[in-house]
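# Architecture at a glance
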Amino acid sequence: MTIYANSTRRYLLGLGCERGTDWNEVRMLAERAFQEVGIGSDQVLAVVSIDTRMDEPAILETATHFRLPARFFKAAALERETPRLKNPSEIVFAHVGCHGVAEAAALAAAGPDSELVLPKIKSGFATAAIARIA
């Protein structure tokens, strides 16, 4: 499910978090990610994550806050991105069935020619990564 860029929106924000994470923690991590890349939320196409988080309030509220759609991927689709991950994790694999969530979701959504412009960053209970569509 590649999401296609338009003239101003070329980035995908991948998010992961533990169940019950406060949405403000996820929002602040997303803001930090945007700042590190030097973009605004108006340049982002969507918030993306693993399908086991499609009902996670922190991710949904963060997407709503930035007025972005949320898209979710099955673990198998995220696992196909493992060769492109900067920070694969055996611990994440043991818990959710793929070696990364934030990086893998951003890459999966941005397509096969995309690149990570921000490898995974962390807060206490969440992760974020940003990919750019080629």
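Our subject is the structure listed above.
Residues numbered from 1 in each chain as written. Predicted model: local features only at pLDDT ≥ 70, side-chain atom pairs only at ≥ 80, totals over all residues. Heavy atoms only, no water.

This brings us to the sheet that holds strand β5 (residues 126–132). Ordered in space as β3-β2-β1-β5-β4, the five strands form an open sheet in which the pairing is mixed. Looking along the sheet, the strands with just one partner apiece sit at the ends: β3 (70–73) and β4 (115–122). Between one strand axis and the next, the sheet turns by 25 degrees as a mean value, whatever way the strands run. Sheet analysis places strand β2 (residues 44–50) next to β3, joined by four bridges and oriented parallel. By the bridge assignment for β3, Val47 is matched with Ala70. The sheet contacts of helix α1 (residues 23–37) involve β1 (11–17), β2, β4 and β5, and relative to β4 the element is tilted by about 140 degrees. (Pairing = 2+ DSSP bridges. Helix = DSSP H or I, 4+ residues; strand = E, 2+ residues; numbered from the N terminus. Axes fitted to C-alpha atoms, helices over the stretch in contact; angles between N-to-C directions. Contact = heavy atoms within 4.5 Å.)

Here we take up the side chain of Glu56. Along the chain, Glu56 falls in the loop between β2 and α2 (57–65). Within the structure, Glu56 has its side chain in polar contact with the side chain of Arg19 (distance 2.8 Å). If we ignore the near neighbours within four places in the chain, the residues touching Glu56 are Cys17, Glu18, Arg19, Gly20 and Thr21. (Polar contact = N/O pair within 3.5 Å; in protein donor to acceptor, adjacent residues only side chain to side chain.)

Right, let's get into the nonpolar core. Among the nonpolar cores identified, the biggest contains 24 residues, and Leu12, Val48, Ile50, Phe73, Leu78, Cys98 and Ala131 are the most heavily contacted of them. Of all the secondary-structure elements, those providing two or more residues to this core are β2, α3 (75–79), α5 (102–110) and β5. For this core, the leading source of residues is α5, giving eight residues. In this structure, Tyr11, Leu29, Ile39 and Leu118 belong to the second largest nonpolar core, which totals 23 residues. (Core = buried A, V, L, I, M, F, W, Y, C linked by side-chain atoms within 4.5 Å. Buried < 20%, exposed > 50% of the residue type's maximum accessible area, 1.4 Å probe, protein only.)

Attention now goes to the pairing of β4. Where β4 and β5 come together, five bridges link them in antiparallel fashion. Looking at the pairing, Lys122 lines up with Thr127 of β5. What sits between the antiparallel neighbours β4 and β5 is a turn of three residues.

Quick look at the pattern of salt bridges now. Where charged atoms from two side chains of opposite charge come close, those side chains can pair. For the structure on display, the rule yields seven salt bridges. Two residues, Arg32 and Glu36, come together in a salt bridge whose shortest N-O distance is 3.1 Å. Taken together, the residues span about one helical turn, with Arg32 and Glu36 both in helix α1 at a distance of four residues. The class of Arg32 is partly exposed, set by a relative accessible area of 34%. (Salt bridge = Lys/Arg side-chain N within 4 Å of Asp/Glu carboxyl O.)

What follows is about the packing of aromatic side chains. Going through the model one piece at a time under the given rule, you end up with one aromatic pair. An angle of 75 degrees between the planes, with centres 5.2 Å apart, marks the rings of Phe34 and Phe66 as edge-to-face. Placement of the pair is Phe34 in helix α1 and Phe66 in the loop between α2 and β3, with a sequence separation of 32 residues. Its relative accessible area of 12% is what places Phe66 among the buried residues. (Phe/Tyr/Trp six-rings, centres within 6.5 Å; stacked < 30°, edge-to-face > 60°.)

The next thing to look at is the side chain of His99. Structurally, the position occupied by His99 is in the loop between α4 (90–96) and α5. Among the polar contacts made by the side chain of His99, one reaches the side chain of Glu90 at a distance of 3.1 Å. The residues touching His99, leaving out its near neighbours within four places in the chain, are Glu79, Thr82, Leu85, Asn87, Pro88, Ser89, Glu90, Val92 and Phe93.

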